[in-house]
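Fold and geometry: a report
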Amino acid sequence: MKKLIACAAMALIGLAPVAQADGHDTYPERPIMMMVSYGAGGATDFQARIVTMTAGNEDALGMPIAILNKPGAGGRVGWNWLATQADADGYTLGAYNIPHFIAQSIEGGVQYSADTFEPIANWGADPAVLVVGSDSAFNTLQDVVDFATENPGKLTTSGAGLFVGHHIAALQMEKAGGFKLAYIPTKGGGAAAMKAVIAGDVLAGINNLSDAFRAAEAGNVKILAVADLERNAFLPDVPTMMESGLEVDNASVNFRGVMVPKGTPQGIIDKLAATVPTMFENTRVASKMKAGGSPMHIMTRDEVLAMWAAREETLTELLAGL
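The rules behind each value
- Residues numbered from 1 in each chain as written.
- Predicted model: local features only at pLDDT ≥ 70, side-chain atom pairs only at ≥ 80, totals over all residues.
- Heavy atoms only, no water.
- Core = buried A, V, L, I, M, F, W, Y, C linked by side-chain atoms within 4.5 Å.
- Buried < 20%, exposed > 50% of the residue type's maximum accessible area, 1.4 Å probe, protein only.
- Helix = DSSP H or I, 4+ residues; strand = E, 2+ residues; numbered from the N terminus.
- Polar contact = N/O pair within 3.5 Å; in protein donor to acceptor, adjacent residues only side chain to side chain.
- Contact = heavy atoms within 4.5 Å.
- pLDDT = per-residue confidence, 0-100.
- Pairing = 2+ DSSP bridges.
- Axes fitted to C-alpha atoms, helices over the stretch in contact; angles between N-to-C directions.
- Salt bridge = Lys/Arg side-chain N within 4 Å of Asp/Glu carboxyl O.
- Phe/Tyr/Trp six-rings, centres within 6.5 Å; stacked < 30°, edge-to-face > 60°.
- Lys NZ or Arg CZ within 6 Å of the ring centre and 35° of its normal.

Within the largest apolar cluster, 83 residues are counted, with the highest numbers of intra-cluster contacts made by Phe101 and Trp308. Val202, Val221, Val226 and Val238 belong to the second largest nonpolar core, which has 15 residues in total.

This next bit is on the side chain of threonine 240. Inspection of the secondary structure assignment puts threonine 240 in the loop between β9 (221-227) and β10 (254-261). According to the relative accessible area criterion, threonine 240 is buried, its value standing at 2%. Polar side-chain contacts of threonine 240 include one of 3.0 Å to the backbone nitrogen of glutamate 243. Setting aside residues up to four positions removed in sequence, threonine 240 forms contacts with Val226, Asp228, Leu229, Glu230 and Arg231.

Chain-level statistics for the protein chain give a pLDDT mean of 92 and a share of 93% at 70 or above. Low pLDDT (under 50) marks residues 1-21, which in the prediction has 2 contacts with non-local residues, meaning those over four places away or in another chain.

Here we take up the sheet that holds strand β2 (residues 65-69). As summarised here, the arrangement of the 6 strands in space is β2-β1-β3-β10-β4-β11, forming an open sheet in which the pairing is mixed. Here the strands that pair on one side only, and so sit at the sheet edges, are β2 and β11 (296-299). Between one strand and the next, the sheet's axes are offset by a mean angle of 25 degrees, whatever the strand orientation. Pairing between strand β1 (residues 32-36) and strand β3 (residues 92-98): 3 bridges, direction parallel. Directly across from methionine 35, in β3, lies its bridge partner glycine 94.

Attention now moves to the pattern of salt bridges. Working definition: two side chains of opposite charge can pair if their charged atoms are close together. The final tally for this structure, using the stated rule, is 8 salt bridges. In this structure, glutamate 118 and lysine 262 form a salt bridge, with 3.2 Å as the shortest nitrogen-oxygen distance. With a gap of 144 residues between them, glutamate 118 in strand β4 (residues 117-126) and lysine 262 in the loop between β10 and α9 (266-280) connect regions that are remote in the sequence. For the salt bridge of glutamate 118 with arginine 301, the shortest nitrogen-to-oxygen distance reads 2.9 Å. Residue glutamate 118 is located in strand β4, and its partner arginine 301 is located in helix α11 (residues 301-320); the two are separated by 183 residues in the primary sequence. For the pair glutamate 118 and arginine 301, a shared accessibility class is recorded, and that class is buried. Within this structure, Glu118, Lys262 and Arg301 form a network of salt bridges that share partners.

The next point concerns the sheet that holds β9. Spatial ordering of the open sheet is given by β7-β6-β8-β5-β9, a layout of 5 strands whose pairing is mixed. Bordering the open sheet on either side are β7 (182-185) and β9, each of which pairs with just one other strand. Taking each pair of neighbouring strands and ignoring which way they run, the sheet shows an average axis angle of 30 degrees. Where strand β5 (residues 128-133) and β9 come together, 6 bridges link them in antiparallel fashion. Its bridge partner being in β9, leucine 130 is matched across the sheet by alanine 225. Relative to strand β8 (residues 204-208), helix α7 (residues 189-198) is tilted by about 150 degrees, and along the sheet it contacts β5, β6 (156-159), β8 and β9.

Counting across every chain of the model gives 12 aromatic pairs. Note on tryptophan 79 and phenylalanine 101: the rings are 5.8 Å apart at their centroids and 55 degrees apart in plane angle, and the pair reads as tilted. Note that tryptophan 79 is positioned in helix α3 (residues 76-84) and phenylalanine 101 in helix α4 (residues 100-107), a separation of 22 residues in sequence. Each member of the pair tryptophan 79 and phenylalanine 101 is classed as buried. Ring centres of tyrosine 112 and phenylalanine 117 lie 6.2 Å apart, and the angle between their planes is 40 degrees; on these two criteria the pair is classed as tilted. Judged by its relative accessible area of 1%, phenylalanine 117 is buried. Connected via pairs of aromatic rings, a cluster forms that spans Tyr38, Trp79, Tyr96, Phe101, Tyr112, Phe117 and Trp308. Taking NZ or CZ as reference, arginine 30 lies 3.6 Å from the ring centre of tyrosine 91, over its face. Taking the ring centre of phenylalanine 46 as reference, the NZ or CZ of arginine 214 above it sits at 4.0 Å.

Right, here's the structure in full:
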């Protein structure tokens, strides 16, 4: 009998590391890092720091989340790193941007796709907007369309990169209006793209509503139109592109959230999926996001999985037709 008990005890000891390796009981045991594929000061970085600010609370993860910026090539640098070099142990998260990384994977030349990562939760939905400098002669979308039509390829327009939401909106504008823009992807993401507009380095820019909202509040830019199906509550007086006569839908709306590399233990994924949305729902987080002109759109892991699949289908069709 003693021999049987001893064998059973040894068997349980042997199983213990397997259960612990799944991680949900003790995770997290140290601070967590979240990679952002864009530079400091841009909309994704700005929002990521807000939505993770309560991670260290006892009613959240109990450990802080530090932001690691890996900007470059419209997000490709960071997402390639997350896909190929990051440890799938729950201590390295990534901020996702849709349609960005899905559109980039459809176009090719990257080491990731929607199947490379596991979504955790979505915190926001940030439409693309058309902006011009505060002293620009353009006051409406029609002014911009008229100039672009009369001066093919001369409307210099900044954006955060290739096949990001800004670029998708630019491609849709060209197709809908039958004109050609001079789309200029900036190296520093949305923040650099906005600076180019403010400095007068370009005639116009396509940027995130949240970045544009703060710039407009400071008196640096005018926002002429929103690339979405409806007007946004943050900009009730700004028409959609459709209202202004340009058939541009919501395919460029920038969904932002948290994901982990494929291979992360399921127990950790489950714990994050249960906890992270409650962090987003925190009243302090919501108030700071609102103050920064950042629209929130909280979705659970299952809802994000469905959104990713739908966006991949839409973008595959859209990019094939451009």
